[in-house]
There are 2 protein chains.
Amino acid sequence: MASQPPRVQRLQSQMTAHSLDAIICTQPTSTFYLSGFNPIIYSDPVLVIVSQQSAPILLVHALRNSHARSSAWTPNIHLYGTWGQTPTLAPTWPAALATLLDRCDLPEHPTIGIEHDGLPMTQYTLLRHTLPTANLANCTPLLHACRAVKDPDEIAHTRIAATLADHGMEAAVAALAQPSTTERDAVLAALQTMHTHWAAQYPDIEICDFGSLEGGVNSGLAAWVLSGPRQSFGCDNPTPRVPVPGESVSVFVWTVANGMHAELERTAWVGDVNRAQQRAMQAASEIRMEVLQRVCPGTAVRELYRTAQRGYERRGYGAYLPGRIGHSVGLGPHELFFLEETEERMLQAGMVLALEVNLLVPGVGGACVQGSDTFLVTGDGWERLTRFAEGVIRVRADD
Amino acid sequence: MASQPPRVQRLQSQMTAHSLDAIICTQPTSTFYLSGFNPIIYSDPVLVIVSQQSAPILLVHALRNSHARSSAWTPNIHLYGTWGQTPTLAPTWPAALATLLDRCDLPEHPTIGIEHDGLPMTQYTLLRHTLPTANLANCTPLLHACRAVKDPDEIAHTRIAATLADHGMEAAVAALAQPSTTERDAVLAALQTMHTHWAAQYPDIEICDFGSLEGGVNSGLAAWVLSGPRQSFGCDNPTPRVPVPGESVSVFVWTVANGMHAELERTAWVGDVNRAQQRAMQAASEIRMEVLQRVCPGTAVRELYRTAQRGYERRGYGAYLPGRIGHSVGLGPHELFFLEETEERMLQAGMVLALEVNLLVPGVGGACVQGSDTFLVTGDGWERLTRFAEGVIRVRADD
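Residues numbered from 1 in each chain as written. Chains lettered and ligands numbered in written order. Predicted model: local features only at pLDDT ≥ 70, side-chain atom pairs only at ≥ 80, totals over all residues. Heavy atoms only, no water.

You'll find chain A entered in an unreviewed UniProt entry as Probable Xaa-Pro aminopeptidase P, with Aspergillus violaceofuscus given as the organism.

Here it is, written out as structure tokens:
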């Protein structure tokens, strides 16, 4: 596998700055980020230890031995559990972890970072008992700061995810142009096209996602379609409903390539559009442009939200101001932070953002305009990674 | 939506027996189990309060208002957050939760159950501050005991998931019978068939799964295929590899219908089989039958494992004994417990189990036999819910 990516050294520098002797990662996104291994099924915990002394140490159940060795980039792989005759460090992960930490040459009372944001109480209690002399500190903010700026391998994979999303959107919109297409038909067309394209074009890319502790996500290529009154649901399985003229349809495509996500969302208008609806579409498009003009390193994330807010208010849509207008994208489709009033980060080159300036004007003759693209923050501005045509789409215009 | 399912009263009785005044659920599987609502995307927490005074109380972000009202069976739905002009109880979920608990007529120092197994430290800290006078108890074991026995609606949905899995397996096996089929081809065939069948046959059924806090799982219809040396990986994305004669191929199909999962796994043998391989196939099949003869209410789960262990040892495969031979199935594909030596539960009617008596004999001329079906424990034995033909499959026998 590839050599150690730059994020490890970046994290180690930050650990020194924050006086952390080691970090123990327990979240699927974090353990993948720092080892390269995603077992898809997490019913047996995966842990990664990061210290100053070595490459990250990956600890997995014996059941995952051959898979971990074939896909992790870190060379330090250790096993726990009891499985046939495979030799392991210990029958349980806490005991194996204690053994590995003993070898790490840590001080007598080390300060060890753990992930408060995702670590369940049960695991915390086990860690607390395993490390009786350690000072446990919350390292989630430090990890998130590291993850917010993407490494070159991550940006390359985000580009692939964005391309897969473009293909999915094309298929869904082509399906919706046919008169009797249901929400389900459009989603199935997107899924089929994305999976076929992935299978044919990307032999070395994985599309698995990060599961909960109870199950796995084998394919993170996802689409959903919400029509008419269902648009306000935000996310739902598609139904056998056929959109009717005068309605709009929201099409959402979320993809993943080697752990990195992309997001592409559009609104398709069925049949005629009235003047109020045209005005709403125009407003959403203009506000998005106003926000994009502010996207470059050094701009406060909150300032993007405030720019949008002024745009909504100036156009008479202040009552329909959404609580956020986008989010960071990476190992999660929604990860790390939202573009909202309470966010304190500044933009940095290498961040990846989904910008979604949506406008939902309820009621008869109202409008629901949803749209999202995935953007890379560059040294002097931005690059749009999803390439599908911008703006509202018209389908079945003669209906 | 449907009326309140029997699990609510079952849980309330258990709460009384364990002196719990209320339970606050925060895990996606639990909040769906006790409200009927799965928002798919969990970046804004969903909470459910269960007390003796009312139907479960669902607390969601204002963004999820219309979706929750359209799909939850509980009538008690409340909102938090700030979103346009939607009225909410409070800007944050802890503040809204405190308001709702004030209305619940609890004692001054209530005992409140929380989910230690899934609750992250950050959420625990917020709950602790929100409920300063409460005694917080771990209610995960109580919830799991309730979930282990399925309600009639859950069993009906498991049957649908099992049927979808049968269709997926048929498609994958048919694809593998063709000479140049790759792992990816077989998986794509299964995905396409399952989604098409779902879209056409089950207008009212959802196939979404429970996401992590960072993202959603829009389709839980999953398949993966591992051939030759990759069989020991357990779970991985399919590759462009074409299985070669003399190898076996593991086909895994996991499905979900309205939250309830099913699992169906088979081994397909490519070309000729040698005598040692035939013997391994025969052994796995016989051991599975021996275990099934013990499946009925009142049998200790551990006794199923011990029955398998005796079967492996008697046939000379003691060195290849797996650490578990199956698991409970329900709101997670792996949920609640494994069929293993350390499990202390007894079987009860209404439990759903995946029984997977696998046999991996490594090395040249070795064998990897994997198979799993989803079973319902009935009043006097069991019913197989997945119906695909049992045993090892032969494909490309002339190769």
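Caption draft 1: View of the packing of aromatic side chains. Applying the stated rule across the entire model yields 6 aromatic pairs over all chains. With a centroid separation of 5.0 Å and an interplanar angle of 75 degrees, the aromatic rings of Trp 224 of chain B and Trp 254 of chain B are classed as edge-to-face. Of this pair, Trp 224 of chain B sits in strand β7 (residues 222-227) while Trp 254 of chain B sits in strand β8 (residues 248-257), placing them 30 residues apart in sequence. Classification of Trp 224 of chain B by relative accessible area gives buried; the value is 1%. The exposure class assigned to Trp 254 of chain B is buried, which follows from its relative accessible area of 5%. Ring centres of Phe 375 of chain B and Trp 382 of chain B lie 5.4 Å apart, and the angle between their planes is 90 degrees; on these two criteria the pair is classed as edge-to-face. The buried category is assigned to Phe 375 of chain B, whose relative accessible area is 3%. Counting every residue linked through ring pairs, the aromatic cluster contains Trp 224, Phe 252 and Trp 254 of chain A. When the ring centre of Trp 198 of chain B is taken as origin, the NZ or CZ atom of Arg 184 of chain A, which lies over that ring, is 3.8 Å away. In this structure, Arg 324 of chain A packs its charged tip against the face of Phe 338 of chain A, placed 4.0 Å from the ring centre. (Phe/Tyr/Trp six-rings, centres within 6.5 Å; stacked < 30°, edge-to-face > 60°. Helix = DSSP H or I, 4+ residues; strand = E, 2+ residues; numbered from the N terminus. Buried < 20%, exposed > 50% of the residue type's maximum accessible area, 1.4 Å probe, protein only. Lys NZ or Arg CZ within 6 Å of the ring centre and 35° of its normal.)

Caption draft 2: Layout of unusual backbone geometry. Residue Asp 105 of chain A is not a glycine yet carries a positive backbone phi of 60 degrees. Examined against the element boundaries, Asp 105 of chain A turns out to sit in the loop between α4 (93-102) and β5 (111-114). The class for Asp 105 of chain A is exposed, based on a relative accessible area of 62%. At Asn 258 of chain B, a residue that is not glycine, the phi angle is positive and equals roughly 45 degrees. Note that Asn 258 of chain B resides in the loop between β8 and β9 (260-270).

Caption draft 3: Highlighting the relation of the copies chain A and chain B. For these two chains of identical sequence, chain A goes onto chain B by a turn of 180 degrees and a shift of 0.0 Å along the axis, with RMSD 0.0 Å. This pairing of chains is accounted for by a two-fold axis. For chain A, the smallest separation between a C-alpha atom and the rotation axis is recorded for Pro 120 of chain A, amounting to 2.1 Å. Mapped onto chain B, 100% of the interface residues of chain A again fall at the interface, so both copies present the same surface. (Least-squares fit on C-alpha atoms with pLDDT ≥ 70 in both. Contact = heavy atoms within 4.5 Å.)

Caption draft 4: Structural detail: the sheet that holds strand β9 (residues 260-270) of chain A. Residues and elements named next belong to chain A. An order of β7-β8-β9-β17 is seen for the 4 strands of this open sheet, with the pairing classed as mixed. Sheet topology places β7 (222-227) and β17 (393-395) at the edges, where each strand pairs with a single neighbour. Ignoring strand direction, the axes of neighbouring strands in this sheet form an average angle of 25 degrees. In this sheet, strand β8 (residues 248-257) lies alongside β7 in antiparallel orientation, the contact comprising 6 bridges. Following the sheet pairing, Ser 227 is matched in β8 by Val 249. The strands that helix α8 (residues 183-201) touches are β7 and β8; relative to β7, the one it contacts most, it runs at about 160 degrees. (Pairing = 2+ DSSP bridges. Axes fitted to C-alpha atoms, helices over the stretch in contact; angles between N-to-C directions.)

Caption draft 5: Structural detail: empty space enclosed by the protein. Summed over all chains, the structure comprises 7 cavities of 30 Å³ or more. Roughly 440 Å³ of volume is contained in the largest cavity. Lining the largest cavity are 40 residues, and of these Ser 219 and Leu 221 of chain A together with Ser 219, Gly 220 and Leu 221 of chain B lie nearest its centre. Of all the secondary-structure elements, those providing two or more residues to the lining of the largest cavity are α8 and β7 of chain A together with α8 (183-201), β7 and β8 of chain B. Per-class residue counts for the lining of the largest cavity are 23 nonpolar, 15 polar and 2 charged. (1 Å grid on protein atoms, 1.4 Å probe; cavity = no way out; pocket = protein on both sides within 12 Å on 5 of 7 lines; lining within 4 Å. Points joined across faces, edges and corners; volume = space filled by probe spheres on them. Nonpolar A, V, L, I, M, F, W, Y, C, P; charged D, E, K, R; others polar.)

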